[in-house]
Amino acid sequence: ASLGYSSPKPSNLPSKLAVILWLPEEAPKASASLPSRVGHVLPAVQRVLMSTEASPPDAIFLIDCTPLVPVGQSARAIMDKESSAVGADGQLGKSISKPVSRILDRLCAGCRDSSITLVGVDGGAPLALALLQHHSIVPTRVVLLRPHLSAAVVNALLVKPSTTAPPTLDVLYASERDRQR
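As a starting point, this report considers the structure included with it. Model, not experiment: these values are computed from the prediction.

1. Here's the deal with the sheet that holds strand E5 (residues 168-172)
Taken in spatial order, the 5 strands of this open sheet run E2-E1-E3-E4-E5, and their pairing is parallel. The outermost strands of the open sheet, each flanked by one partner alone, are strand E2 (59-64) and E5. Sheet twist, expressed as the average angle between the axes of neighbouring strands with direction ignored, equals 15 degrees. Note that strand E1 (residues 16-23) and E2 share 6 bridges and pair parallel. Counterpart to leucine 21 in the pairing with E2 is isoleucine 63. Relative to strand E3 (residues 115-122), helix H5 (residues 124-134) is tilted by about 140 degrees, and along the sheet it contacts E1, E3 and strand E4 (141-145).

Shown next as structure tokens:
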């Protein structure tokens, strides 16, 4: 998602939004197009969004976070560090969390009365949890697809009790082993 310096007009936004945070664990090939990188996960997103809600979202926005990961670095390592910072002092990390938060602010500026579903896929799951801890836009539902939640993320973001009413949380694991962990 690249919104530049302008925000969508609030009157043009639908009442039900889904925002997908795409941050794969492995760096994509430079020549791979966005549809080829995210195509394998879209059926799972569709299944979760369409089958569990009474009425599906009117619009789905995909935020590709892969350009925010510096060459030679791991998305997991960056998100572990940023999640720890959010858990410790409430500050978003500069590499991934803060730029995505700004995009969400611009995208959802006029969505105060809307239903917003935040979907974190793979490495986007800890990002969704970090944004949930800090973000001014509070989603009504959070979906984690194939989450990779390290011990650092769990300790930083999932141990403290929430001071606000939590949104609905749905989690779809890749395997039974991941669910047990």
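2. Some remarks on the pattern of salt bridges
In total, this model carries 1 salt bridge according to the counting rule given. Residue arginine 146 is joined to aspartate 122 by a salt bridge in which the shortest nitrogen-to-oxygen separation is 2.7 Å. Taken as a pair, arginine 146 in the loop between E4 and helix H6 (151-158) and aspartate 122 in strand E3 lie far apart in primary sequence, 24 residues in all. A residue is classified by how much of its surface remains accessible, and aspartate 122, at 7% relative accessible area, is buried.

3. Here's the deal with helix H4 (residues 97-107)
Turning to H4, its buried residues are Ser97, Val100, Ser101, Ile103, Leu104 and Leu107. Projected down its long axis, H4 shows its buried positions confined to an angular sector of 160 degrees, all on one face.

4. Notes on the environment of leucine 62
Checked against the element boundaries, leucine 62 lands in strand E2. The exposure class of leucine 62 is partly exposed, given its relative accessible area of 25%. Between the C-alpha atom of leucine 62 and that of alanine 18, which follows or precedes it by 44 residues, the distance is 8.5 Å.

5. A short note on the nonpolar core
Counting 31 residues, the largest nonpolar core has Leu21, Ile96 and Leu127 as its most contacted members. Elements with a contribution of two residues or more to this core: E1, E2, helix H3 (75-89), H4, E3, H5 and E4. With near-sequence residues (within four places) excluded, leucine 21 lies in contact with Ile63, Val100, Leu118, Val119, Gly120, Val121, Gly124, Leu127, Ala128 and Leu131. If you look at the next biggest cluster of nonpolar residues, it comprises 12 residues, including Ala18, Val48, Val119 and Val121.

Scoring rules and cut-offs
- Residues numbered from 1 in each chain as written.
- Predicted model: local features only at pLDDT ≥ 70, side-chain atom pairs only at ≥ 80, totals over all residues.
- Heavy atoms only, no water.
- Pairing = 2+ DSSP bridges.
- Helix = DSSP H or I, 4+ residues; strand = E, 2+ residues; numbered from the N terminus.
- Axes fitted to C-alpha atoms, helices over the stretch in contact; angles between N-to-C directions.
- Contact = heavy atoms within 4.5 Å.
- Salt bridge = Lys/Arg side-chain N within 4 Å of Asp/Glu carboxyl O.
- Buried < 20%, exposed > 50% of the residue type's maximum accessible area, 1.4 Å probe, protein only.
- Arc of directions from axis to C-beta.
- Core = buried A, V, L, I, M, F, W, Y, C linked by side-chain atoms within 4.5 Å.

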